[in-house]
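Tertiary structure, described
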Amino acid sequence: MKRRIFSGAQPTGSLHIGNYLGALRNWVDLQSEYESFYCIVNLHAITLPQDPATLRQKTLDLARIYLAAGIDPEVSTIFIQSDVSEHAELAWVLSSIARMGELERMTQFKDKGKGNRERAGVGLFTYPILMAADILLYQTHLVPVGKDQKQHLELSRDLAERFNRDYGTAFVVPDPFIPPVGANILSLQDPAKKMSKSDENPNASIFLLDEPDTIAKKIKRAVTDSGTTIVFDESRPAIHNLLTIYHLMTGKSANEIEVHFQGKGYGHLKTELAEAVVEFMKPFQERVKDFDDAHLNEILKKGAAKARIIARATLDDVYTKMGVVGAT
Ligand code: AQP
């Protein structure tokens, strides 16, 4: 039996190269080695206000992006979270064993809630519990995510261990897979922040479907620092970030890159980086046009049917262990 992977992305905004380099490319690389479940987590998306028509459209667009990135529906299971209601059910169960204190420590709630506890949604607060349910339903061994999800994953592990200890083993305790390079691609405008779909500054993120001109403009406007040398130095996060993207897009080693840019200026780096990103994105942007809505819906329906069988078995086991039974 293959070990299992679960991961997902929210159909909010457009995916950016951070989502791709931190998560999606690893999903593609790992899909044959593991039995893989890749979810479009639309129930997570509604923890912040969404326009219904846009959310509907973005949900299908995200499926298109998964396929264009190289996720093979013959190999991996691709589905929409809300098509498998067990996600919401298990989230309720886990909310009964999760503690307020551990949720209060989650930094993403603080960031996305903008520090305003009075106005922040309860769903935003309990978001990591739904994420734990997503993962634990599938008896997941490995969860490939970016660095921003590390804390949430630790909570998933804690909840699995707590349930297993108190009620008997129902869950595999999942391990994170956080890539050594690319797990935290930074905003091009503020290297103190990660690149994010919901960043208010459109120049902060390079989206996977950006036109070549837009990519070049965004890179040209990227903030740098007061130094002059082009080297991988973590104490200079803006340049380090640009070099990391260059490294991941070209496959050249850090040493090769430093030698290549020796004696050259930031303008030169930005021009070559833009070319590398545009080149990297070209086949992906071509492939994205290949999938029509009817085909996507078919894949998603099939995926949900497969996911539901595993999810139901886990939830039934959880209910039995807890004594949650209906009339017979
Ligand atoms: N900047 C990043 N660098 C590396 N990985 C990243 N991820 C997100 N941002 C970066 C990883 O992408 C996967 C999917 O993310 P998500 O859709 O769940 O949303 P998120 O983590 O909340 O990312 P965003 O882009 O910042 O979206 P919004 O603005 O909607 O919140 C995850 O594995 C994530 O770690």
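Residues numbered from 1 in each chain as written. Predicted model: local features only at pLDDT ≥ 70, side-chain atom pairs only at ≥ 80, totals over all residues. Heavy atoms only, no water.

Some words on the side chain of Thr-140
Relative to the helices and strands, Thr-140 is located in the loop between α7 (122-137) and β4 (142-144). A relative accessible area of 1% places Thr-140 in the buried class. Among the polar contacts made by the side chain of Thr-140, one reaches the main-chain carbonyl oxygen of Ile-135 at a distance of 2.7 Å. Each residue touching Thr-140, except ones within four places of it in the same chain, is listed here: Arg-4, Ile-5, Phe-6, Ile-135, Val-172, Val-173 and Pro-174. (Helix = DSSP H or I, 4+ residues; strand = E, 2+ residues; numbered from the N terminus. Buried < 20%, exposed > 50% of the residue type's maximum accessible area, 1.4 Å probe, protein only. Polar contact = N/O pair within 3.5 Å; in protein donor to acceptor, adjacent residues only side chain to side chain. Contact = heavy atoms within 4.5 Å.)

Comments concerning helix α9 (residues 212-220)
In an α-helix, one full turn covers 3.6 residues, which means residues spaced three or four apart are oriented alike. What α9 keeps buried is the set Ile-215, Lys-218 and Ile-219. Axial view of α9: buried residues confined to an arc of 95 degrees, hence all on one face. Away from its buried face, by an angle of more than 90 degrees, α9 presents the exposed residues Asp-213 and Lys-220. Tucked into the core, α9 has its buried residues touching α12 (266-287). (Arc of directions from axis to C-beta.)

So, the domain arrangement of the chain
Often, the extent of an interface is quoted as the loss of accessible area on bringing the components together. Each assigned domain of the chain is listed with its residue range as follows: domain 1 (4-178 + 292-322) and domain 2 (212-287). Each of domain 1 and domain 2 was reduced to a C-alpha centroid, and the two centroids are 32 Å apart. Contact residues are listed per partner, giving 7 residues for domain 1 and 7 residues for domain 2. Here domain 1 and domain 2 share an interface that buries about 660 Å² over both sides, 83% of which is from carbon and sulfur atoms. Of all residues in domain 1, Ile-17, Leu-21 and Ala-68 give up the largest surface area on contact with domain 2, accounting jointly for 69% of the area buried on that side. In this structure, the connection of domain 1 to domain 2 is made through 1 residue pair in polar contact (both at pLDDT 80 or more). (Domains from an automatic or database assignment. Buried area = accessible area lost by both parts, 1.4 Å probe.)

Some remarks on the site of the ligand
Close contacts around the ligand come from 24 residues, with Lys-112, Asp-148, Lys-194, Lys-197 and Ser-198 the closest. Taking His-16, its side chain carries an N or O atom lying 2.6 Å from an oxygen atom of the ligand. Lys-197 has a polar side-chain atom sitting 2.5 Å from an oxygen atom of the ligand. Protein chains shield 97% of the accessible area of the ligand, which is 640 Å² for the free molecule. Looking at the shell around the ligand, the elements that each hand over two or more residues are β1 (4-9), α1 (17-30) and α6 (107-112). Broken down by element, the shell around the ligand gets its largest block of residues, 4 residues, from α1. Per-class residue counts for the shell around the ligand are 6 nonpolar, 14 polar and 4 charged. (Near = heavy atom within 4 Å. Areas by Shrake-Rupley, 256 points an atom, 1.4 Å probe, with all protein chains shown as cover. Nonpolar A, V, L, I, M, F, W, Y, C, P; charged D, E, K, R; others polar.)

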